[in-house]
Amino acid sequence: MSLTVTDLKVYYRTLKGEVKALDGISFSVADNEILGLAGESGCGKTTLGKGLIRMDGRMKHIGGTVELDGETLPIGDDARMNPYRFHKVSLIPQYSMSAMNPTRKIGKMVGELVRSRGVKLDRDELHARLDQVSLPREVLDRYPIELSGGMKQRMVMVISTLLNPSLLIADEITSALDVSTQKAVAKALVGFRDAGFVKSMIFITHDISLTYQIADTIMVMYAGKLAEKAPAHTIVSAPRHPYAQLLINSLPEVGVRYADKRLSGIPGSPPSLLDPPSGCRFRDRCPLAFAKCAEEEPPAVEVEPDHFVACWKA
Amino acid sequence: MRQYFGRKLLIYGLTFFMAVTINWMIPRFMPGDPVAGMLARARVTQPEAVEAMRAYYTNLFGFDLPIWKQYLNFWAALLHGDFGISVWVFPTPVSTVILGAVPYTLALMIPAVLLSWVVGNRLGAYAARRKLLDNSVLPIGYVLTAMPYMWLAVILAWGLGVVAGIFPVAGGYSFAMRPNWSWEFLGDLALHWTLPFASLFLVALGGWAIGMRNMIIYELESDYSNYLAALGAPQRLIRRYAFRNAVLPQITGLALQLGVLVAGALVTEIVFSYPGLGSLILKAIQNQDLFLLQGTFLFIVLGVLIANFIIDVVYVVVDPRTRAGMAGAAA
């Protein structure tokens, strides 16, 4: 078992109180597994991603543990977490377009970064990785502004995976790209996994159809909690949680003319995480909700092997 | 690259032309008649003699020509390096008077501008994201930068000069001395230099420190800093990158501030009766010395333009983005 997260809670400290962005989530990612993490804005995807590598100043680790390759990660302690970063856990950020220092040549920056982590830069390896994502080697002698958006994205992917981390977190990395570039990036990620550059990967996105292309397992989150986690084809073909069902149903289908039939969404919006309601957090928008949903929170139950659902009706 | 500098030079040329023209106009449209002043100083009572002298001086300074001709003659003389003759210390050429004052102003300005910039940037960078230091640097910086140059100068002259008696309050060197290359004279020069330098340095320091502190905080919050931190890069590396990027706007700021700093230096010189260009301007105005005034202004304009041009060149060297923009970005 590569990554095991147990009852992880991360809250944001704000003036109004604590925002419970991640409120008790448990899951695991196996070696060589790509976990797709899906959900709407504000469901805690990015909080989870950041929590696993570097929390920002407002985030607070409330409870739960994260175990990677048998070691417990000190995620709440910025200084003690540092040795794990880049070596064991790495990140491809949301903001790849501006992730590189604009006034340093890329090759020089990579060298300085790697050396600062106590590793000698292996030029040949770096060149091989550039070839893998079909970037010309000359990019190392260029400044970031001289690269296109897609090139910067691929360059950041190469940098982040250079030290062969056990876990790679890819946070919304395709949202700023056009469809064909999205495909190239997604393929490159799978290629990294297949080549053994990274052991397991968490691919955060709100684009379920893209996740389906590359992920082995998909985890759907809602309001800081796990809604459903299952192998990718199961989530898409036979979802059990009402939220996952509605999410899949709201995707456009090939061959249907939406001029005649309106594409349905999910009415309502997620609850405030400052003071979340008791019981199931989805019940206000759920067509199946009944009395028990308000009283008691549904636990994530393994309804069949590797298929977890947090719903009383599932 | 060549196109960029060509365009820059054209703009500087135009600025120079406009500045020289305005420079020529201002003293000429000032009320008062410099020749009358000279005649009054000569105390000649005979009306014929006065008339003869008036005719001589008017002709000498070229005031009898039509105004457009005076303007053209002015340019012609200027291109020959001739700034005219001073009215105040007649008949010394203006260029000699100015060259006597320029070393003092430069000795004051160059260290004050550069040191305050370097020290202010360092100080601001240290203060950013360090609570204790920030809480002292920020308020002190605000107080310093809000101070008018001459006011701080007066306070320093009073406190350290009159009350404490450590530094002399006026002049470029002691009245009892004659300029020579002895250690004694140089020491005296340095002693007289300290207070005007300190007042210029301190006021500018506050502004640079505050600007740098804000820029560093902005850079430390930026995406590349976050990415480096997420990959566990040490603070030292992140701060070094942030400093380098934060310095770029400060360089532009230096170019913009130069004019203000020069003006500040002039006023400070007057407070300390320091024998530089500032004192010269005051004397020129008091004595209706158009040529001296015009020459001094011209000198200052030239200085600011040259300094700006140097900063333009420096900017191209330190910011790769301006270079890439000139070459046309390669995909």
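Whatever comes next refers back to the structure up there.
Scope of this entry: the structure provided in the associated data block. In this text, all values refer to a predicted model and were calculated from it rather than measured experimentally.

## A word on the overall build of chain A
Secondary structure summary: chain A contains 10 helices and 12 strands in total. Relative to the globule expectation of 20 Å for 314 residues, the C-alpha radius of gyration of chain A, 20 Å, shows essentially globular dimensions. Once the C-alpha set of chain A is aligned to its principal axes, its extents read approximately 65 × 50 × 40 Å. With 314 residues in all, chain A has 44% of them scored as buried. Within chain A, residue pairs in contact and separated by at least 24 positions form 64% of the contacts whose partners lie at least 6 positions apart.

## A word on the overall build of chain B
The helix and strand tally for chain B stands at 13 helices and zero strands. Along the chain direction, N to C, the helices and strands of chain B fall in the order α-α-α-α-α-α-α-α-α-α-α-α-α. Projecting the C-alpha coordinates of chain B onto the three principal axes gives extents of approximately 90 × 60 × 35 Å. Sequence-distant contacts in chain B: of pairs separated by 6 or more residues, those separated by 24 or more amount to 71%.

## Quick notes on helix 4 (residues 123–132) of chain A
Helix 4 of chain A sits mainly on the outside: one of its 10 residues count as buried. Residue Ser-134 of chain A follows helix 4 of chain A closely and has a positive phi angle near 45 degrees.

## Focus on helix 11 (residues 277–286) of chain B
All names here are of chain B. Across the 10 residues that make up helix 11, a large majority, seven, are buried. By the burial criterion, the buried members of helix 11 are Leu-277, Gly-278, Ser-279, Leu-280, Ile-281, Lys-283 and Ala-284. Where helix 11 is buried, its residues meet helix 5 (94–127), helix 10 (235–271) and helix 12 (290–318). Looking at the residues trailing helix 11, positive phi occurs at Gln-288, about 55 degrees.

## Structural notes on the sheet that holds strand 5 (residues 71–72) of chain A
Residue and element names in this part refer to chain A. The strand order across the open sheet built from four strands is 2-1-4-5, with neighbouring strands paired in antiparallel fashion. The open sheet terminates on both sides in strands that have one partner only, identified here as strand 2 (17–29) and strand 5. Two strands pair when backbone bridges link them, and strand 4 (residues 59–68) and strand 5 are joined in this way by two bridges, in the antiparallel orientation. Residue pairing in the sheet places Leu-68 in a bridge with Glu-71 of strand 5. Seen against the sheet, helix 1 (residues 45–53) touches strand 1 (3–14), strand 2 and strand 4 and runs at an angle of roughly 75 degrees to strand 2.

## So, the interface of chain A and chain B
Facing 24 residues of chain A, the contacting portion of chain B comprises 21 residues. Breaking the side of chain A that touches chain B down by element, the ones donating at least two residues are strand 6 (89–92) and helix 3 (106–116) of chain A. For the side of chain A that touches chain B, the element with the most residues is helix 3 of chain A, which contributes three residues. A class-by-class count of the residues in the side of chain A that touches chain B yields 11 nonpolar, seven polar and six charged.

Each value, and the rule that gives it
- Residues numbered from 1 in each chain as written.
- Chains lettered and ligands numbered in written order.
- Predicted model: local features only at pLDDT ≥ 70, side-chain atom pairs only at ≥ 80, totals over all residues.
- Helix = DSSP H or I, 4+ residues; strand = E, 2+ residues; numbered from the N terminus.
- Rg over C-alpha atoms; globule rule 2.2 N^0.38 Å.
- Buried ≥ 20, exposed ≤ 12 C-beta atoms within 10 Å, placed from the backbone.
- Contact = placed C-beta atoms within 7 Å.
- Pairing = 2+ DSSP bridges.
- Axes fitted to C-alpha atoms, helices over the stretch in contact; angles between N-to-C directions.
- Nonpolar A, V, L, I, M, F, W, Y, C, P; charged D, E, K, R; others polar.

Structural measurements only, silent on function.
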